[in-house]
2 protein chains.
Amino acid sequence: MSRSTSKAKPAAVSATGDEPPAQPLSRASRSAEGLSIAGVARQAGVSVATVSRVLNAHENVRPATRDKVLAAVDASGYRVNELARNLRTAESRLLLTMVPDFGNPFYAEIVRGIDSVARQHGYFMLLCDTGADAGRERSYFDLLRRRRADGAICLDPATIQQAQADASGALPWVACCEFDPAVGVPYVGIDNYRAAGDAVRHLLSRGHRRIGLINSDIDYLYARQRQQGYLDALSDAGITPLDGWRMNLNSLDYEAGASAAATLMLPPDAPTAIFAVSDTLATGVLHGLRSVGKRVPDDVAVVGFDDISIAAQIDPPLTTIAQPMRELGETAARLLLQRLANPLANVPGVLLPHRLVIRGST
Amino acid sequence: MSRSTSKAKPAAVSATGDEPPAQPLSRASRSAEGLSIAGVARQAGVSVATVSRVLNAHENVRPATRDKVLAAVDASGYRVNELARNLRTAESRLLLTMVPDFGNPFYAEIVRGIDSVARQHGYFMLLCDTGADAGRERSYFDLLRRRRADGAICLDPATIQQAQADASGALPWVACCEFDPAVGVPYVGIDNYRAAGDAVRHLLSRGHRRIGLINSDIDYLYARQRQQGYLDALSDAGITPLDGWRMNLNSLDYEAGASAAATLMLPPDAPTAIFAVSDTLATGVLHGLRSVGKRVPDDVAVVGFDDISIAAQIDPPLTTIAQPMRELGETAARLLLQRLANPLANVPGVLLPHRLVIRGST
DNA sequence: ATGAAAGCGCTAACAC
DNA sequence: GTGTTAGCGCTTTCAT
């Protein structure tokens with residue numbers, strides 16, 4: 001079933017001079033295409049300053065001169081070396097977005113929101129996967145420190161952000177979804193406490209009394225907030241939540257949700273409803289319940305969180321708390337842009353509305 | 001349910017001089033932290049060359065001197081400005097990965113593979129979402145042309161790659177998953193023709209004769225190859241595939257798969273099995289079939305493609321063609337690194353093995 | 001309207 | 001071992 005071919009012809013490398021072929025060189029190899037603004041200037045018979053003016057659409061260039069330059073640019077296939085430009089202008093027009101796991105569909109729509117706003121403002125947005133690892137995150141923050149990017153949006157756990165904030169001085173970044181107001185960094189997110197309460201109250205209204213919570217690792221701030229929302233909603237309903245109803249997972253994988261659900265169903269007085277703090281988890285929960293012979297929602301009801309696109313597709317469709325993912329991303333990007341435009345301004349934290357979406361799983 | 005707060009204090013901006021506060025400046029604002037190698041040299045009482053040597057771990061620096069420099073670096077919180085370094089060394093140590101849609105979980109594991117190899121070799125990998133749009137893709141290729149990245153891995157449709165290859169001269173990039181050997185760019189992927197055949201033959205072995213194909217847009221090379229594999233497998237079995245069994249979708253969304261499946265079930269002699277060219281599509285198909293009252297696999301069998309993590313979780317679990325996603329990414333990264341190390345070398349195309357994973361949906 | 005020249009911060013010869 | 005200096009390719013005064 002496996003094989004290799006060697007069909008690919010080497011993509012025609014344009015005249016590269018005569019350096020030794022097997023050398024891990026990197027500069028010499030661009031001699032052909034790598035001409036500079038000076039070369040263009042020579043070809044056009046003008047000065048580098050004039051070429052630069054044309055390139056940057058400045059006033060004060062005679063149309064005839066402009067045309068000459070443009071022609072030379074065209075003829076030579078010249079591209080500005082942005083490394084040089086950026087060194088000179090001290091900005092890169094690159095924005096970084098750090099996510100803990102880009103396998104989680106939850107982030108996709110957020111990132112699209114960021115991307116579109118960034119693009120609208122002439123920035124490139126590049127995505128980094130930190131794996132929720134503080135070391136890797138630090139290395140990405142280093143890209144900022146070392147001037148390779150102008151700003152960053154961080155979706156990593158608050159604990160990591162915390163460490164970062166301490167070390168980062170006044171680096172231009174904002175927090176999205178995960179944030180700690182105390183860190184003093186602009187942020188956008190939702191009211192996790194209330195959202196969790198809404199989920200639990202919905203379950204209560206369906207008559208459930210024993211409600212389980214499948215939560216992520218508690219070093220996520222949202223995990224603590226949602227747990228509190230869950231606990232208080234139960235208390236408010238006169239219910240004393242049992243510790244055995246709660247599980248904390250260090251993963252949001254489907255598998256993690258599946259096995260957690262199975263575990264939760266073990267005791268004779270197991271919960272009749274489960275609130276999972278992400279749709280990926282809840283999807284796994286559905287699977288886990290099926291595997292131990294429980295029907296949803298007849299035997300056990302399930303509420304998820306996020307409203308990722310698969311939530312409506314699975315069987316049964318998932319009741320969930322919808323986050324305004326696109327807007328979260330867009331807002332984060334705007335906050336960052338604001339901060340870049342005016343580093344001294346007081347950029348606010350903002351909370352966006354969530355929404356309970358009722359489907360077949362409850 | 002919505003509210004805004006203004007809790008965030010402005011992250012202490014270190015002494016910024018006295019420029020007008022409301023200005024969209026960008027250079028002046030870094031005066032405090034933005035000291036250069038010269039500043040460190042002064043503080044340490046050595047020359048810039050020596051500082052550079054220490055920073056780059058060169059030989060020929062007396063331990064005492066090194067310590068002095070390191071102390072100065074530490075004290076000042078100095079960070080190398082990589083814009084300057086890169087301009088000088090003419091490399092950025094940044095790799096770009098372009099995907100058509102990072103909402104598709106299929107790409108996640110591939111990208112992780114790329115990332116880990118890149119990191120091992122001292123490169124950063126940054127992810128770009130092209131939205132399968134030629135214009136956006138071109139703009140990312142421009143990052144290459146303008147020296148902001150050293151190389152790229154492209155997972156976009158072959159048609160787009162084609163256009164790119166024409167215009168890109170000998171830009172350092174490789175293709176992953178989607179590729180056209182004729183384009184002359186190094187690539188890694190699987191044998192889509194055989195994989196599709198394997199899927200169909202599995203369905204045939206289960207006794208199905210009327211087998212539907214839910215395919216993506218035909219301007220993906222893999223779509224054409226899988227279609228051909230499907231057609232030939234049926235022909236080889238003495239079956240004449242009807243046109244009405246085939247659908248082409250311009251999206252891989254769950255929703256697209258769901259409505260396609262419903263449509264496919266309309267005729268009285270509808271297929272008794274469906275081969276969908278991606279697991280996202282197949283997941284939607286399951287939903288679509290449910291919505292028209294068909295049971296899987298009793299009424300209709302379903303085979304997907306990719307083996308993304310959710311495939312095993314849904315009900316019923318999906319029979320699918322597994323792609324070696326991690327290896328695809330790792331191999332792509334290695335090919336690119338090879339190409340960077342030696343631009344003149346003949347980098348081969350490589351095909352990796354796929355695998356039929358049989359689960360409950362067939 | 002155009003050109004000359006001074007750097008942006010760094011590395012790498014080349015001296016000593 | 002360490003310092004001096006010449007660029008990398010660009011933008012931007014300052015002249016003209």
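All values derive from a computational prediction rather than experimental measurement. (Residues numbered from 1 in each chain as written. Chains lettered and ligands numbered in written order. Predicted model: local features only at pLDDT ≥ 70, side-chain atom pairs only at ≥ 80, totals over all residues. Heavy atoms only, no water.)

Turning our eyes to something else, we now look at unusual backbone geometry. In this model, V296 of chain A is joined to P297 of chain A through a cis peptide bond whose omega is 5°. Of note, P297 of chain A is situated in the loop between α11 (279-291) and β10 (301-306). Here D315 of chain A and P316 of chain A are connected by a cis peptide whose omega angle stands at -5°. Inspection of the secondary structure puts P316 of chain A in the loop between β10 and β11 (319-322). One non-glycine residue with positive phi stands out, namely R93 of chain A, at about 55°. Backbone geometry places N60 of chain B, a non-glycine residue, at a positive phi of 60°. Here N60 of chain B lies in the loop between α2 (48-55) and α3 (63-76). Given a relative accessible area of 77%, N60 of chain B falls into the exposed group. (Helix = DSSP H or I, 4+ residues; strand = E, 2+ residues; numbered from the N terminus. Buried < 20%, exposed > 50% of the residue type's maximum accessible area, 1.4 Å probe, protein only.)

Near DNA strand C there are 25 residues, and of these R53 and T65 of chain A together with I37, Y78 and R88 of chain B occur at the shortest range. For DNA strand C, the fraction of atoms within 4 Å of the protein that belong to sugar or phosphate moieties is 60%. In this structure, a phosphate oxygen belonging to DNA strand C sits 2.8 Å away from a main-chain N or O atom of S47 of chain A. Elements that contribute at least two residues to the surface near DNA strand C include exactly α2 (48-55) and α4 (82-89) of chain A together with α2 and α4 (82-89) of chain B. Element by element, the count of residues in the surface near DNA strand C is highest for α2 of chain A, at four residues. Of the residues assigned to the surface near DNA strand C, the class counts are 10 nonpolar, nine polar and six charged. (Near = heavy atom within 4 Å. Polar contact = N/O pair within 3.5 Å; in protein donor to acceptor, adjacent residues only side chain to side chain. Nonpolar A, V, L, I, M, F, W, Y, C, P; charged D, E, K, R; others polar.)

All names here are of chain B. Spatial strand order, β8-β7-β9-β10-β11-β13: six strands in an open sheet with mixed pairing. For this open sheet the edge positions go to β8 (246-249) and β13 (355-357), each flanked by a neighbour on one side alone. Strand-to-strand, the axes of this sheet are offset by a mean angle of 20°, without reference to chain direction. As judged from the three bridges shared by strand β11 (residues 319-322) and β13, these two strands associate in the antiparallel manner. What sits directly across from I321, in β13, is L356. Where helix α10 (residues 254-264) meets the sheet, it contacts β7 (211-216), β8 and β9 (273-276), and its direction lies at approximately 155° from that of β8. (Pairing = 2+ DSSP bridges. Axes fitted to C-alpha atoms, helices over the stretch in contact; angles between N-to-C directions. Contact = heavy atoms within 4.5 Å.)

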